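For reference, the chains in residue letters:
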Amino acid sequence: MATALFAVVFIAIPTDLIDTPLFSREIPPTVWSWPVLSLSAALAGLVTATYVAHPDGATSSRAAGRAGMAGWLVTFFAVGCPVCNKLVLLALGTTGAMRFFEPVQPYLAAASIVLLIWALYARLTREYSCRLPARADAAAEVPVLVH
């Protein structure tokens, strides 16, 4: 829960979804910005929870961790103002940001959710594949049935 709240604040303040005097937004947020941010934050919280409650012997997946971080980063670009993002402005300019980047933002939102769902799925499926050490006396404990 704390990670999900942190994700909301960490993304919503710089993208000016939460209005503060620190950041401003030239273009108003889209109608889907808050739902995408809320769902992404909830998924990020669930992915983080799989790292906190990590059983001994479970295999770790670097790909799942990278997908989770990528989903978080893509969410930032998806809900942010297209002309307020300095990286987008440097790469495309103001006209390019409005012409090329703004229409891509819904796809970025979908991609962020897919990445976070995949990361959660990968983490959860690996939780059930823990390696257990073989016991040397396991054969002695097998009961023998006599008829």
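For the structure itself, look to the data block above.
Described in the following lines is the structure provided in the data block. Predicted, not measured: the structure shown is a model, and the values here were computed from it.

With respect to the helices and strands, Arg25 occurs in the loop between α1 (2-12) and α2 (33-52). Buried within the structure, Arg25 lacks any salt-bridge partner; its nearest side chain of opposite charge belongs to Asp16, at an N-O separation of 6.2 Å. Side-chain polar atoms of Arg25 contact the backbone oxygen of Thr15, separated by 2.6 Å. Here the side chain of Arg25 touches Ile27 through a polar contact of 2.7 Å, landing on its backbone oxygen. Beyond its immediate stretch of four places on either side in the chain, Arg25 contacts Thr15, Asp16, Leu17, Val79, Gly80, Cys81 and Cys84.

What follows deals with unusual backbone geometry. Phi angles above zero are rare outside glycine, and Asp16 is one such case at about 60°. The topology assignment puts Asp16 in the loop between α1 and α2.

This paragraph deals with the packing of α1 against α2. Contact geometry for α1 and α2: axes closest at 7 Å, N-to-C directions at 135°. In terms of their interaxial angle, α1 and α2 are classed as oblique. As α1 packs across α2, the resulting crossing turns out to be right-handed. Contacts between α1 and α2 involve Thr3, Ala4, Ala7, Val8, Ile11 and Ala12 on the former and, on the latter, Trp34, Leu37, Ala41, Ala42, Ala44, Gly45 and Thr48. Its residues assigned to classes, the contact of α1 with α2 comprises 10 nonpolar, three polar and no charged.

Given a rise of 1.5 Å per residue, 20 residues ought to cover 28 Å, and the 28 Å separating the end C-alpha atoms of α2 matches this to within 8%. The set of residues buried in α2 consists of Ser33, Val36, Leu37, Ser40, Ala41, Leu43, Ala44, Gly45, Val47 and Thr50.

Turning our attention to α1. Residues of α1 that are buried: Ala4, Ala7, Val8, Ile11 and Ala12. One face of α1 carries all of its buried residues, which in axial projection span an arc of 105°. Seen from the open side of α1, the exposed residues pointing more than 90 degrees away from its buried face are Ala2 and Leu5.

The relative placement of two aromatic rings is captured by the distance of their centres and the angle of their planes. Scanning the entire structure with this criterion turns up four aromatic pairs. Measuring from centroid to centroid gives 6.1 Å for Phe6 and Trp72, while their planes differ by 25°, and the two rings are stacked. Taken as a pair, Phe6 in helix α1 and Trp72 in helix α3 (residues 62-79) lie far apart in primary sequence, 66 residues in all. Seen in terms of ring centroids, Phe76 and Phe77 are 5.8 Å apart; in terms of plane orientation they differ by 80°. Their pairing is edge-to-face.

Each value, and the rule that gives it
Residues numbered from 1 in each chain as written. Predicted model: local features only at pLDDT ≥ 70, side-chain atom pairs only at ≥ 80, totals over all residues. Heavy atoms only, no water. Helix = DSSP H or I, 4+ residues; strand = E, 2+ residues; numbered from the N terminus. Buried < 20%, exposed > 50% of the residue type's maximum accessible area, 1.4 Å probe, protein only. Lys, Arg positive; Asp, Glu negative; His and termini not counted. Salt bridge = Lys/Arg side-chain N within 4 Å of Asp/Glu carboxyl O. Polar contact = N/O pair within 3.5 Å; in protein donor to acceptor, adjacent residues only side chain to side chain. Contact = heavy atoms within 4.5 Å. Axes fitted to C-alpha atoms, helices over the stretch in contact; angles between N-to-C directions. Parallel < 35°, antiparallel > 145°, perpendicular 65-115°, else oblique. Left-handed = near helix turned anticlockwise from the far one by under 90°. Nonpolar A, V, L, I, M, F, W, Y, C, P; charged D, E, K, R; others polar. Expected span 1.5 Å × (residues − 1). Arc of directions from axis to C-beta. Phe/Tyr/Trp six-rings, centres within 6.5 Å; stacked < 30°, edge-to-face > 60°.

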